Amino acid sequence: MKIAIAQLNYHIGNFEGNLQKMLAATASAKEQGADIVVFGELAVTGYPPRDFLEFDDFIRRSEEVVATLAQAAVGIAVVVGAPCRNPVIEGKDLYNSAYFLADGAIQQVEHKALLPTYDIFDEYRYFEPANVFNVVQYKGKKIALTVCEDIWNVGNENPLYTICPLDELAPQEPDFILNLSASPFSFTHANSRIHVLKENIKRYNKPMFYVNHVGAQTEIIFDGGSLVMSPDGKVYDELPYFEECMRVYDLEAVQQGGVHREQPKEKMTLIHDALVTGIRDYFGKLGLKKAVLGLSGGIDSAVVAVLAQRALGAENVRVLLMPSQFSSDHSINDARALAQNLNIQYDIVQIEPIYKSYEAALKPHFAGTSFDVTEENIQARIRGMLLMSISNKFGNILLNTSNKSEAAVGYGTLYGDMAGGLSVIADLYKTEVFELSEYMNKDGEVIPINIITKPPSAELRPDQFDSDSLPDYDILDGVLYQYIEKRQGPKELIAMGFDEKLVHRILKMVNRNEFKRAQVAPILRVSSKAFGMGRRIPIVGKYLN
């Protein structure tokens, strides 16, 4: 038996587009002699469809796609993920299902049992968990058909669920396992995924074919990395990251094993490619083309400019250099040099005259006060207004350049440097931004070295540096990582050796600035715990505030 796994970039709600991709892959798999072609979880609708699932028309159109795919399943079986109506009145109205299509018809439908409801996942909001488990029989083989999370409840010290679906299927003696997944990217997830699959192989001793999505859906990015596992516990093959791909495998060869092919997993390569994919698909799937951003001469905007140019092409990226009376000459020169290196359009707009007009208008109302953060924020908001003017006039979407360290502690101005339609690097700590900049320069200097080496500064007052307001980023990011990603509290952080006063100060800044993060553009997710839909913290909470 030959099995094709199709790793595709779907588009949520684009039924015709998704259908055409799958029909083309089915035809190609059939030409290559495959007996079965396997697509991802909820491939018909795209993942995650969220509240679209509450529209009857959405489900009806999904059913029409499944019916069309069934008609194409002649001489080859098609396995595809799609929602399925629950005929029982009690419980949720839908299942998250795997359809087995063959001989021009729907032959069997198996439902997902383990519904993740954590971090970015919210599946129990929509779906009823399966409580019946049956193998699929096809061409003399018994197939265990599973969906994503169904294989993730093994090898855990603290399991989330009370059952393992494959334990329920094991007595029926399946010959191999198919898993339809939509498993989002984080830079550690590829290793975690392989670990989970190896635990399944150790437990069930069956070949496994695991197919994942690729591409971005707003802030969620899928890296692909679909896997074929042999019973010897080795990765028989791992598909490329961030590329559509289809490969056909001989089941007997996979059963025999002895082959071990994995993709390299360097952190900055993965993050770079994920962010480029995130920008490209955000623009492409929304029918957008051109981006704009403010280029300050600092590291954050430099990294975003490079990512945008690589995602969209130099001809589609425009930057504004907006110096004030506090901007250094080297910042202007560094920004200009970067724009020239990238061959992108740049314009220089002096903001001091605009700032002076604001200062004059507000002078009678600010009488008796001195220069403070208010005047700093006015400068940031002037820049935001200028960038949004270019966006409105020419249709360039504004890219936000805030990093995760700044977003965490509120070191940014609402409606100023926090403006934008997409937050590109807000899931990268400042120290990681520096790492990424060095990676970008690995084949030659793209980002001028002075941008990387000079001390970070917002340049909103004379001789200003980030270190005036924040701890050193090496220390700050260490605390933030343990608090945000690892959910460590103050006692645990202090026990790790962090200064007690500093810990309390940083945690208070994080929690007090939740209101700012609630208003920012979608943040491309590259870590295991990004700001946004996967981290739900009350704005008015008293805890650690």
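The structure displayed is predicted, hence computed values, not measured ones.

Trainee: I'd love a proper account of helix α14 (residues 473–484), names of residues and values included.
Mentor: In this model, α14 (12 residues) spans 15 Å end to end at C-alpha, consistent with the 16 Å of a helix rising 1.5 Å per residue. Inspection of α14 places Tyr-473, Leu-476, Asp-477, Val-479, Leu-480, Gln-482, Tyr-483 and Ile-484 among the buried residues, and these make up the whole buried set. In this structure, the buried residues of α14 make contact with α11 (404–409), α12 (430–440), α15 (490–495) and α16 (500–512).

Trainee: Now, about a nonpolar patch on the surface: what can you tell me, with residues and values included?
Mentor: The grouping of Phe-515, Ile-539 and Val-540 at the surface amounts to a nonpolar patch, some 310 Å² of accessible area in total. Among the structural elements, Phe-515 can be located in helix α17 (residues 514–517).

Trainee: Residues and numbers for the side chain of Thr-146, please.
Mentor: Within the secondary structure, Thr-146 is located in strand β7 (residues 141–147). A distance of 2.9 Å separates a polar side-chain atom of Thr-146 from the backbone oxygen of Leu-178. Ignoring anything within four residues of it in the chain, the contact list for Thr-146 reads Ile-151, Leu-166, Leu-169, Ile-177, Leu-178, Asn-179 and Leu-180.

Trainee: Requested: an account of the sheet that holds strand β12 (residues 227–229), with residues and values cited.
Mentor: If you trace the six strands from one edge of the open sheet to the other, you get β6-β7-β8-β9-β12-β13, paired in mixed fashion. Each having just a single partner strand, β6 (136–138) and β13 (235–238) make up the two edges of the open sheet. Averaged over all neighbouring strand pairs, the angle between strand axes comes to 20 degrees, with direction disregarded. In terms of strand pairing, β6 meets β7 through three bridges, oriented antiparallel. Looking at β7, one finds that Tyr-138 is bridged to Lys-141. The sheet strands contacting helix α4 (residues 189–204) are β9 (208–211), β12 and β13, and the helix crosses β12 at an angle near 30 degrees.

Trainee: Provide a residue-level description of the pattern of salt bridges, including the pertinent values.
Mentor: All told, the structure shown has 30 salt bridges when counted by the stated rule. Put simply, Lys-21 and Glu-244 hold a salt bridge, and the shortest N to O gap is 2.6 Å. Here Lys-21 is found in helix α1 (residues 15–31), whereas its partner Glu-244 is found in the loop between β13 and β14 (245–250), with 223 residues between them in sequence. For Lys-21, a relative accessible area of 30% translates into the label partly exposed. Glu-244 sits in the partly exposed class, given a relative accessible area of 41%.

Trainee: Run through α16, naming residues and quoting values.
Mentor: Taking 1.5 Å of rise per residue, 13 residues should cover 18 Å, and α16 covers 18 Å from first to last C-alpha, within 8% of that figure. Buried within α16 we find Leu-502, Val-503, Ile-506, Leu-507, Met-509, Val-510 and Asn-511. Each element contacted by the buried residues of α16 is listed here: α11, α14, α15 and α17. Residue Asp-499 occupies the N-cap position of α16, its side-chain oxygen lying 3.2 Å from the main-chain nitrogen of Lys-501.

Trainee: Tell me about the packing of α14 against α16, residues and numbers included.
Mentor: Where α14 meets α16, the closest approach of the two axes is 11 Å, and the angle between their N-to-C directions is 65 degrees. Of the two elements, α14 crosses α16, and the hand of that crossing is right-handed. Together, Ile-475, Leu-476, Val-479, Leu-480 and Tyr-483 of α14 and Leu-502, Ile-506, Leu-507, Val-510 and Asn-511 of α16 make up the contact between the two elements. When grouped by side-chain class, the residues that make up the contact of α14 with α16 number nine nonpolar, one polar and no charged.

Trainee: Any chance you could break down the UniProt feature "binding site: L-glutamine" (unreviewed entry) in the protein for me, citing the residues and the numbers?
Mentor: Following the UniProt record, the feature "binding site: L-glutamine" (unreviewed entry) maps to Tyr-118 and Ser-183 here. Annotated residues spanning 66 residues; largest pairwise C-alpha distance 13.3 Å, indicating a single compact cluster. When neighbours within four sequence positions are excluded, Tyr-118 is seen to be in contact with Glu-149, Leu-160 and Tyr-161. With respect to the secondary-structure elements, Ser-183 resides in the loop between β8 (176–180) and α4. Among all residues touching Ser-183, those that are not within four sequence positions of it are Trp-152, His-189, Arg-193, Tyr-210, Asn-212, Phe-222 and Asp-223. At 2.7 Å, the side chain of Ser-183 forms a polar contact with the side chain of His-189.

Trainee: So what about the pairing of strand β15 (residues 291–294)? Which residues, and what values?
Mentor: In β15, alternate side chains face the same way, and those of Ala-291 and Leu-293 on one face and Val-292 and Gly-294 on the other are all buried. Strand direction decides the pairing type here: β15 and strand β16 (residues 317–321), joined by four bridges, are parallel. When the bridges of β16 are listed, Val-292 appears paired with Arg-318. Once you follow β15 into helix α7 (residues 299–312) and on to β16, the crossover reads as right-handed.

Trainee: Please provide a residue-by-residue account of the environment of Val-80, values included.
Mentor: Position of Val-80 among the secondary structure elements: in strand β3 (residues 77–85). A relative accessible area of 0% means that Val-80 is categorised as buried. Distance in space between the C-alpha atoms of Val-80 and Tyr-355 is 58 Å, their sequence separation being 275 residues. Excluding anything up to four places from it in sequence, Val-80 contacts Met-22, Phe-39, Gly-40, Ala-43, Val-44, Leu-69, Ser-97, Ala-98, Tyr-99, Leu-101 and Leu-180.

Trainee: Would you mind going over the sheet that holds β14 in detail, with residue names and values included?
Mentor: Taken in spatial order, the six strands make up an open sheet running β5-β4-β3-β2-β1-β14, and their pairing is mixed. What marks the edges here is a single partner per strand, and that holds for β5 (105–111) and β14. Geometrically, the sheet is characterised by an average inter-axis angle of 30 degrees between neighbouring strands, direction not taken into account. The pairing of strand β1 (residues 2–7) with strand β2 (residues 36–38) spans three bridges and is classified as parallel.

Trainee: Could you give me a rundown of the nonpolar core, with the residues and numbers involved?
Mentor: Among the nonpolar cores identified, the biggest contains 55 residues, and Leu-307 and Leu-436 are the most heavily contacted of them. Contributions of two or more residues to this core are made by α6 (267–286), β15, α7, β16, α8 (329–342), β18 (397–400), α12 and α13 (449–453). With 10 residues, the top contributor of residues to this core is α7. Beyond its immediate chain neighbours, meaning those up to four positions away, Leu-307 contacts His-272, Leu-275, Val-276, Ile-279, Val-424, Ile-425, Leu-436 and Met-440. One finds Tyr-10, Leu-19, Ala-25 and Leu-53 within the second-largest nonpolar core, a separate group that totals 41 residues.

Parameters and conventions
- Residues numbered from 1 in each chain as written.
- Predicted model: local features only at pLDDT ≥ 70, side-chain atom pairs only at ≥ 80, totals over all residues.
- Heavy atoms only, no water.
- Helix = DSSP H or I, 4+ residues; strand = E, 2+ residues; numbered from the N terminus.
- Expected span 1.5 Å × (residues − 1).
- Buried < 20%, exposed > 50% of the residue type's maximum accessible area, 1.4 Å probe, protein only.
- Contact = heavy atoms within 4.5 Å.
- Patch = residues over 30% accessible without salt bridge, like charges linked within 9 Å, V, L, I, M, F, W, Y side chains within 5 Å.
- Areas by Shrake-Rupley, 256 points an atom, 1.4 Å probe, with all protein chains shown as cover.
- Salt bridge = Lys/Arg side-chain N within 4 Å of Asp/Glu carboxyl O.
- Polar contact = N/O pair within 3.5 Å; in protein donor to acceptor, adjacent residues only side chain to side chain.
- Pairing = 2+ DSSP bridges.
- Axes fitted to C-alpha atoms, helices over the stretch in contact; angles between N-to-C directions.
- Left-handed = near helix turned anticlockwise from the far one by under 90°.
- Nonpolar A, V, L, I, M, F, W, Y, C, P; charged D, E, K, R; others polar.
- UniProt positions renumbered as here; feature names shortened; annotations may be inferred.
- Right-handed = clockwise from strand over helix to strand, strands pointing away.
- Core = buried A, V, L, I, M, F, W, Y, C linked by side-chain atoms within 4.5 Å.

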